[in-house]
Amino acid sequence: MTGPTRLSVAPATGRSRVHHTTGHLTVRIVDQDAGGARVGLIATRALLLSGDDVRIEVDVAPGAWLDGVEPTGTVAYEGDAPSSWTIHATVGDGAVLTWAGRPFVVSDEIATHRSTRIRVHGTGKVLMQEKVVLGRAGQTGGDLTTPLDATDDTGPVQVEHLDLGRKARRMPGIFGNLRSMDTVTALGWTPGPPGEPEAGTTGPGETYFPLDRSGAVLRWMGIGRFRDRLCDAAFTAWREDAMRDYRHQRSARHPGHAEEFVLGEGGCSPGTDATASTAGRAVPARRSVTSSA
């Protein structure tokens, strides 16, 4: 049985401390400074096969930042045994976690479960993007459940359980013939919507709502695979908001030692290549790695 992929980051002098343990996924550091790191998560084998249980555990220490990227999409393949993909994230006071998900494709004849649990402490901020596609080309897609459980020091912030099984989504007002859903969730602050799209121009379903406490959710639903021009733009803008606040807070805490993290095109710092560090490398079945100054 393959264990969880574990990833943690903490600020340090010179360069942040990044610890990671390989499971179904391995971690590649793309960019790094004293406060945190941008990392890519690479599959160590074909995913998501029938019976696979992928677990990702993330810990962002107080005052740190972590930008996680799934470089490629994931297909939940057909099979008799259910599969699952679970993310557990803890974000400390004054920390920022951003997570750019890629399409999670649910094949015919599979029951799969994609779960996200987030714990935010103090003034921490989280930005998550999750893309779901029901069915590969020519398919309608199997059964999917996708819960989100987000809490802060006071209690629940956003608790949601979506049942997108074949039977449930045929019910009136649920999903109908739609096949794609893109969701951007911000926790710890309430960014506004990225403009007001003209009704029907981005897809059949467009919803923005602020949470009762600090946070907001933007959701797009459509028929095509990904014609969404709304959520990607929102994620980019909201990530810049979160990192701008982080830089200001860090400058206030460490006057004279401010290190500015600048996102370039595609979210990388200028001059970085998110794929160059992984090309042609064999990945061991399991290992624990520490990267520090």
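None of the values given here were measured: they were computed from a predicted structure.

Bringing the pattern of salt bridges into the picture now. Tallied over the entire structure, the rule returns 17 salt bridges. A salt bridge links Asp-53 to Arg-55; the nearest nitrogen and oxygen atoms lie 3.5 Å apart. The salt bridge partner of Arg-247 is Glu-240, with a shortest N-O separation of 2.9 Å. When its relative accessible area of 13% is taken as the criterion, Arg-247 is described as buried. Beyond isolated ion pairs, a larger network of salt bridges with shared partners links Glu-240, Asp-241, Arg-244 and Arg-247.

Moving on, we come to empty space enclosed by the protein. One water molecule sets the probe size; rolling that probe over the atoms shows where empty space is left. Throughout the structure, instances matching the rule amount to three cavities of 30 Å³ or more. Approximately 150 Å³ is the volume attributed to the largest cavity. Elements with a contribution of two residues or more to the lining of the largest cavity: β10 (111-120), β11 (125-134), β12 (143-151), β13 (156-163) and β14 (180-187). Class assignment for the residues of the lining of the largest cavity results in six nonpolar, four polar and four charged.

The next subject is helix α2 (residues 231-253). Taking 1.5 Å per residue as the helical rise, α2 with its 23 residues ought to reach 33 Å, and the 33 Å between its terminal C-alpha atoms agrees with that figure. Among the residues of α2, those classed as buried are Cys-231, Ala-234, Phe-235, Trp-238, Arg-239, Ala-242, Met-243, Tyr-246, Arg-247 and Arg-250.

To continue, consider the side chain of Arg-239. Its place among the elements puts Arg-239 in helix α2. Reaching out from Arg-239, the side chain makes a polar contact with the side chain of Asp-67 at a distance of 3.4 Å.

This paragraph deals with the confidence of the model for the protein chain. It should be kept in mind that the predicted coordinates are not to be read in detail where pLDDT is low. Residues at a pLDDT of 70 or more form 81% of the protein chain, whose mean pLDDT is 84. Element-level pLDDT for the protein chain is lowest in strand β17 (residues 288-291), with a mean of 40, against a maximum mean of 98 in strand β1 (residues 5-10). In this model residues 258-293 is a low-confidence stretch, pLDDT under 50, and it forms 67 contacts with partners more than four residues away in sequence or in other chains.

By size, the foremost hydrophobic cluster in this structure holds 45 residues, and its most contacted members are Ile-56, Val-60, Trp-85 and Leu-97. The residues contacting Ile-56, other than those within four sequence positions of it, are Thr-5, Leu-25, Leu-41, Trp-85, Thr-86, Ile-87, His-88 and Trp-99.

It is worth spelling out unusual backbone geometry at this point. Across the junction of Leu-47 and Leu-48, the peptide omega takes the value 5 degrees, indicating a cis bond. Within the secondary structure, Leu-48 sits in the loop between β4 (36-43) and β5 (53-60). A positive phi is found at Glu-109, a non-glycine position, where the angle reads about 60 degrees. When you line up the elements, Glu-109 lands in the loop between β9 (96-106) and β10.

Time to look at the packing of aromatic side chains. Under the definition given, this model contains two aromatic pairs. The interplanar angle of 65 degrees and the centroid separation of 6.3 Å between the aromatic rings of Trp-85 and Phe-104 together place this pair among those described as edge-to-face. In this pair, Trp-85 is assigned in strand β8 (residues 83-91) and Phe-104 in strand β9, connecting sequence segments 19 residues apart. Classification of Trp-85 by relative accessible area gives buried; the value is 2%. Of the residues examined, Phe-104 reaches a relative accessible area of 0% and is grouped as buried.

When you tally the buried positions in β14, you get eight out of eight residues, the bulk of the element. By the alternation rule, side chains of β14 split into Ser-180, Asp-182, Val-184 and Ala-186 and Met-181, Thr-183, Thr-185 and Leu-187, which are all buried. As defined by bridge partners, β11 adjoins β14 across eight bridges and the pair is classed as antiparallel. Within the sheet, the bridge partner assigned to Glu-130 lies in β14 and is Thr-183. Bridge count between β14 and strand β16 (residues 215-222): eight bridges; the pairing is antiparallel. Counterpart to Val-184 in the pairing with β16 is Leu-218.

Moving on: the pairing of β8. Among the nine residues in β8, seven count as buried, and that is most of the element. When β5 meets β8, the two strands line up parallel, connected through eight bridges. Within β8, the residue paired with Ile-56 across the bridge is Ile-87.

What follows is about the environment of Val-75. Turning to its location among the elements, Val-75 is positioned in strand β7 (residues 74-76). For the pair Val-75 and Leu-48, spaced 27 residues apart in sequence, the C-alpha separation works out to 5.7 Å. Setting aside residues no more than four positions away along its own chain, Val-75 makes contact with Leu-47, Leu-48, Val-105, Ser-107 and Arg-136.

Calculation rules
Residues numbered from 1 in each chain as written. Predicted model: local features only at pLDDT ≥ 70, side-chain atom pairs only at ≥ 80, totals over all residues. Heavy atoms only, no water. Salt bridge = Lys/Arg side-chain N within 4 Å of Asp/Glu carboxyl O. Buried < 20%, exposed > 50% of the residue type's maximum accessible area, 1.4 Å probe, protein only. 1 Å grid on protein atoms, 1.4 Å probe; cavity = no way out; pocket = protein on both sides within 12 Å on 5 of 7 lines; lining within 4 Å. Points joined across faces, edges and corners; volume = space filled by probe spheres on them. Helix = DSSP H or I, 4+ residues; strand = E, 2+ residues; numbered from the N terminus. Nonpolar A, V, L, I, M, F, W, Y, C, P; charged D, E, K, R; others polar. Expected span 1.5 Å × (residues − 1). Polar contact = N/O pair within 3.5 Å; in protein donor to acceptor, adjacent residues only side chain to side chain. pLDDT = per-residue confidence, 0-100. Contact = heavy atoms within 4.5 Å. Core = buried A, V, L, I, M, F, W, Y, C linked by side-chain atoms within 4.5 Å. Phe/Tyr/Trp six-rings, centres within 6.5 Å; stacked < 30°, edge-to-face > 60°. Pairing = 2+ DSSP bridges.

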